[in-house]
Structures are given as C-alpha cells and as structure tokens.
Amino acid sequence: MKLLQTTLLAAALCSTSTLSMAEEAALKIGLMLPATGTYAQLGTAIENGFKLYVNQVGGKLGGRDVEYVKLDDESDPAKATDNINKLIKSDKVDVVIGTVHSGVAAAMAKVAKQTGTLLVVPNAGSAMITGPMCAPNIFRSSFSNQQPGFAMGKVAAEKGYKKVATITWKYGAGEESVGGFKEAFEADGGEVVKELYVPFPNVEFQALLTEIAALKPDAVYSFFAGAGAVKFVKDYKAAGLMDNIPLLGAGFLTDGTLKAQGGDGEGLLTTLHYADELDNETDKAFRQAYNAAFDMVPDVYAVQGFDAAQILDIGLKATGGDVSKTAEIAAAVESTEIDSPRGKFTLSKAHNPIQDIYLREAKGEENVMIGVAVEKLDDPAKGCRL
Ligand code: PHB
C-alpha cells in the first residue's frame with residue numbers, strides 16, 4: 001500500500017512538472033472549418049496549407065509538438081458559439097484556427113475576445129473581426145471583405161464603367177464586399193445602380209439574371225465563392241450575359257473554381273491578394289511542396305492556411321510556446337514581415353494583412369496576375385479600440 005502511494009505521488013509530481021514546462025506538452029489546435037456545404041473545399045485547402053507549414057518546420061509550432069482537434073462548423077452561424085465553446089471548454093484546445101464564413105467567424109471572435117483564447121482567422125473577411133472585436137489575441141491571415149471589393153471599384157472606374165449592378169449572397173461577406181466596391185467606384189465617379197441579393201447559400205440565380213439582362217448595366221460586380229461561385233459563373237454564361245455585360249468579381253469567384261467552371265470563367269477579371277504563379281521564390285517553393293504533398297494546385301485558401309500557421313509560429317516562438325502571453329505574441333507578430341506566397345506583408349495594429357491586391361485574368365485553369373490594382377491596402381478597422 002505504502003509503495004503504491006509513493007508510486008502515485010511520484011507519478012503526480014512527474015506529470016505536474018512536465019505540464020508546467022509548456023514547451024513539452026503538445027499544443028492542442030482546434031481546426032474549426034467547414035467540411036460540408038458550399039465552402040467544404042475551402043476548408044480542406046486551409047487545413048492542407050496549415051499542415052504543410054507545420055510539417056515543413058518539423059511538426060512543431062513555437063517549439064511544441066502539435067495535436068489537432070477537428071470540428072465541422074457547417075458554415076452555420078447559429079451553431080458557431082456552441083461549437084467554439086466546445087473546443088475551448090471540453091476539448092481544452094490552446095489555440096483555435098477558423099473559419100471561412102464571416103457570420104461564424106464573427107461569433108468565434110466574440111468568444112475569443114471574452115475568453116482570451118488565441119484565434120487565427122484563415123479566411124473570413126468580416127469587418128467585426130478587425131473592427132469592434134479586435135483584440136491582442138485575435139489575428140487574421142487572409143483579408144478583410146472590403147479589400148478585394150475596394151480594389152475592383154477602382155479598376156471598374158478606370159475601365160470607364162459608369163453604371164454597375166452588384167450581385168451576391170445576403171450576409172456579412174457579400175454586403176461588405178459590395179460595400180468596398182461601391183466606396184471606391186462611387187468615389188471615382190461611378191454609380192451602383194442596383195444591389196441584388198440571394199440568401200446564403202442558395203444558388204437559384206435565374207430571376208436575378210433576368211433582372212440584370214433587363215437593366216443592361218455597363219458591368220456586374222459579384223461576390224461568390226466555392227461551389228456557389230462555380231454555379232453562378234456557369235449560369236451567367238448560360239443566360240447569354242457573359243459576352244454582353246462584363247462580369248467582375250472579388251477573386252474568390254475564380255479561385256479554386258476555374259476547373260469546375262469548365263471554361264465558362266475564361267477571361268474573367270477579378271481582384272485578390274493572390275494570383276497563380278507570382279514571380280517570387282516563396283510562392284514557387286510553396287506551390288511545388290503543396291503539389292507534391294496533396295497532388296493539387298494550391299489556391300488562395302491554401303495560402304491563407306499556410307500563413308495562419310506561420311503567424312502562430314512567429315508569435316509562439318517569442319514566448320517559448322506559452323499561449324497565455326498574449327501581449328508578447330502580438331508584439332512579435334506585429335513587428336515581423338510575413339514571408340507569404342502572396343508576397344511579403346505586415347499585419348496592422350488591428351491584425352489584418354496590409355497587402356497588395358492584384359488584378360487577375362482567368363486563363364485556362366489559372367488566374368494570371370496582370371497588375372497590382374492597389375498597393376499595400378489596409379482595411380479601415382472601424383470600431384477597433386486597442
Ligand atoms: C466570408 O464569409 O467572409 C468569405 C467566405 C468565402 C470566401 C471569402 C469570404 O471565399
């Protein structure tokens with residue numbers, strides 16, 4: 001009996017001393033991403049990109065081994081708060097990576113802000129995240145919805161379009177993307193004559209395409225992504241609009257979707273913080289490694305996943321893997337230039353990438369960079385108090 005007690009005591013002492021050395025316990029990462037629905041493929045690309053980075057640096061982040069807990073968020077905002085709480089409270093993750101959908105991510109940011117949990121957003125562009133919900137422990141490796149829209153507003157005005165109609169899903173991302181477009185386009189003398197919306201994630205576009213045909217605007221600006229973007233481009237072409245009313249988009253319209261669009265997206269002009277085959281060494285190495293690991297060509301979502309891991313690594317290296325030292329993590333990330341496949345970028349005080357937005361043209365299965373629409377664009381971070 002005495003021997004058993006001594007053994008138990010020794011075991012208990014041993015495990016506390018092991019756990020108190022943060023760098024020796026595995027870092028538990030909650031991957032809260034869509035695995036089903038219109039954004040499923042985006043979730044996979046993010047996870048692939050994230051894991052590619054981790055594997056390239058020897059399977060550790062900030063000196064700690066990595067362990068994953070996966071959760072399918074279904075791109076459903078109604079389930080978002082419960083889902084992230086489950087990861088934090090039941091699964092006891094140290095860090096959360098997520099997600100794609102702005103409504104889900106905004107709810108996640110709220111919980112992360114309240115609990116102080118480290119959160120890296122690898123896609124969702126919601127203005128809330130780097131606005132009212134901004135916090136030292138919340139980072140975004142992607143973009144704000146306003147950024148690609150704003151850049152396309154400038155391009156559309158430069159092309160001499162005067163009257164443009166917009167079409168998107170009725171939720172934060174679509175509305176903010178159209179908002180960014182409208183802000184730049186109208187400041188440069190254009191006019192958004194009609195804003196058309198479909199509920200998310202519906203893909204019944206026919207009635208609205210008929211309305212566009214009747215309106216005859218100079219061009220159409222759109223925000224769609226994933227499987228919905230495939231269907232929208234195919235329907236736009238089938239409705240006979242492609243050759244008569246130029247279709248413009250935030251780059252998600254054609255990123256990771258050109259193959260499935262089967263040539264219907266050929267020639268489309270879009271704006272985004274990534275393009276295929278940019279002329280930089282980091283991108284070349286990234287594309288080669290991604291292709292070798294997953295037998296797929298990477299897209300913008302893969303890049304954002306890769307950079308989410310990179311941002312986490314930079315922050316955690318500064319604290320020896322301690323996730324609770326939020327101020328030190330933030331200081332390290334804010335003072336580092338991120339060497340991304342998209343090109344180098346820095347994070348703003350609100351933790352959004354300050355980055356070049358490229359103008360791209362769809363050629364075959366690639367979005368070829370044809371210029372920089374806006375250099376070093378930041379997001380407005382409206383309502384962010386730090
Ligand atoms: C968003 O909901 O913020 C969102 C979703 C998919 C994208 C881009 C933005 O491709």
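Computed from a predicted model, the values in this text were never measured in an experiment.

Rules of the game
Residues numbered from 1 in each chain as written. Predicted model: local features only at pLDDT ≥ 70, side-chain atom pairs only at ≥ 80, totals over all residues. Heavy atoms only, no water. Helix = DSSP H or I, 4+ residues; strand = E, 2+ residues; numbered from the N terminus. Buried < 20%, exposed > 50% of the residue type's maximum accessible area, 1.4 Å probe, protein only. Contact = heavy atoms within 4.5 Å. Areas by Shrake-Rupley, 256 points an atom, 1.4 Å probe, with all protein chains shown as cover. Lys, Arg positive; Asp, Glu negative; His and termini not counted. Charge placed at Lys NZ, Arg CZ, Asp CG, Glu CD. Pairing = 2+ DSSP bridges. Axes fitted to C-alpha atoms, helices over the stretch in contact; angles between N-to-C directions. Near = heavy atom within 4 Å. Polar contact = N/O pair within 3.5 Å; in protein donor to acceptor, adjacent residues only side chain to side chain. Nonpolar A, V, L, I, M, F, W, Y, C, P; charged D, E, K, R; others polar. Domains from an automatic or database assignment. Buried area = accessible area lost by both parts, 1.4 Å probe. Salt bridge = Lys/Arg side-chain N within 4 Å of Asp/Glu carboxyl O. Arc of directions from axis to C-beta. Phe/Tyr/Trp six-rings, centres within 6.5 Å; stacked < 30°, edge-to-face > 60°.

Moving on: the overall build of the chain. From N to C terminus, the chain includes 12 helices and 15 strands. In terms of overall dimensions, the chain has a C-alpha envelope of 90 × 40 × 40 Å along the principal axes. Among the 386 residues that make up the chain, the fraction classed as buried is 55%. In the chain, of all internal contacts separated by at least 6 residues, the share reaching a separation of at least 24 is 68%. Looking at the chain as shown, the accessible area adds up to about 15600 Å², and 54% of this sits on carbon and sulfur atoms. Charge separation in the chain, taken as the distance between the mean sites of 37 positive and 49 negative side-chain charges, equals 4 Å.

Once that is clear, we can look at the sheet that holds strand E1 (residues 27–33). Taken in spatial order, the 6 strands line up as E2-E3-E1-E4-E5-E6 in an open sheet, and their pairing is mixed. Bordering the open sheet on either side are strand E2 (60–61) and strand E6 (138–140), each of which pairs with just one other strand. With 3 bridges joining them, E1 and strand E4 (residues 95–97) adopt parallel strand pairing. The residue of E4 that forms the bridge with Gly30 is Val96. Sitting on the sheet, helix H2 (residues 40–56) is in contact with E1, E2, strand E3 (64–72) and E4, with an inclination near 160° to E1.

So, on to the site of the ligand. Taken together, 16 residues sit near the ligand, with Ser102, Gly125, Tyr171, Ala225 and Tyr301 positioned nearest. Taking Gly125, its main chain carries an N or O atom lying 3.0 Å from an oxygen atom of the ligand. Take Tyr171: an N or O atom from its side chain is 2.5 Å from an oxygen atom of the ligand. Summarising the interface, the protein chains cover 100% of the accessible area of the ligand, which totals 280 Å² for the free molecule. Split into classes, the residues belonging to the shell around the ligand amount to 11 nonpolar, 5 polar and no charged. Two domains each provide a minimum of three residues to the shell around the ligand, namely domain 1 (23–143 + 278–351) and domain 2 (146–272).

This part is about the domain arrangement of the chain. The domain architecture assigned to the chain consists of domain 1 (23–143 + 278–351) and domain 2 (146–272). When each unit is reduced to the centre of its C-alpha atoms, the spacing between domain 1 and domain 2 is 28 Å. In this complex, domain 1 contributes 15 residues to the contact, which on the side of domain 2 involves 17 residues. Taken together, both faces of the contact between domain 1 and domain 2 bury some 1200 Å²; the carbon and sulfur share is 58%. On the domain 1 side of the contact with domain 2, Thr38, Tyr39 and Phe143 bury the most area, a combined 42% of that side's loss. Joining domain 1 to domain 2, the criterion identifies 0 salt bridges. Between domain 1 and domain 2 we count 6 residue pairs in polar contact (both at pLDDT 80 or more) in total. Of all the secondary-structure elements, those providing two or more residues to the side of domain 1 that touches domain 2 are H2, helix H4 (102–115) and helix H11 (300–317).

Another point: helix H12 (residues 326–334). For H12, the set of buried residues is Thr326, Ile329, Ala330, Ala332 and Val333. Down the axis of H12, the buried side of the element spans an arc of 165°, and every buried residue falls inside it. Summarising the contacts, the buried residues of H12 are in contact with strand E5 (118–121), E6, H11 and strand E13 (343–347).

Let us look at the packing of aromatic side chains. The full count for this structure, using the stated rule, is 19 aromatic pairs. Plain terms: the ring middles of Tyr39 and Trp169 are 6.0 Å apart, the flat faces sit at 80° to each other, and that makes the pair edge-to-face. Here Tyr39 is found in the loop between E1 and H2, whereas its partner Trp169 is found in strand E7 (residues 163–169), with 130 residues between them in sequence. The exposure class assigned to Tyr39 is buried, which follows from its relative accessible area of 1%.

With that settled, the discussion passes to the pattern of salt bridges. Applying the stated criterion to the full structure yields 22 salt bridges. A salt bridge links Lys284 to Asp279; the shortest N-O distance between them is 3.3 Å. Through salt bridges with shared partners, a single network forms among Glu47, Lys51 and Lys70.

With that out of the way, let us pick up the side chain of Asn352. Secondary-structure assignment places Asn352 in the loop between E13 and strand E14 (353–363). One polar contact links Asn352 to Arg140, side chain to side chain, over a distance of 2.8 Å. Those residues in contact with Asn352 that sit more than four places away from it in its chain are Thr130, Arg140, Phe143, Ser144, Gln147, Thr346, Leu347, Asp378 and Asp379.

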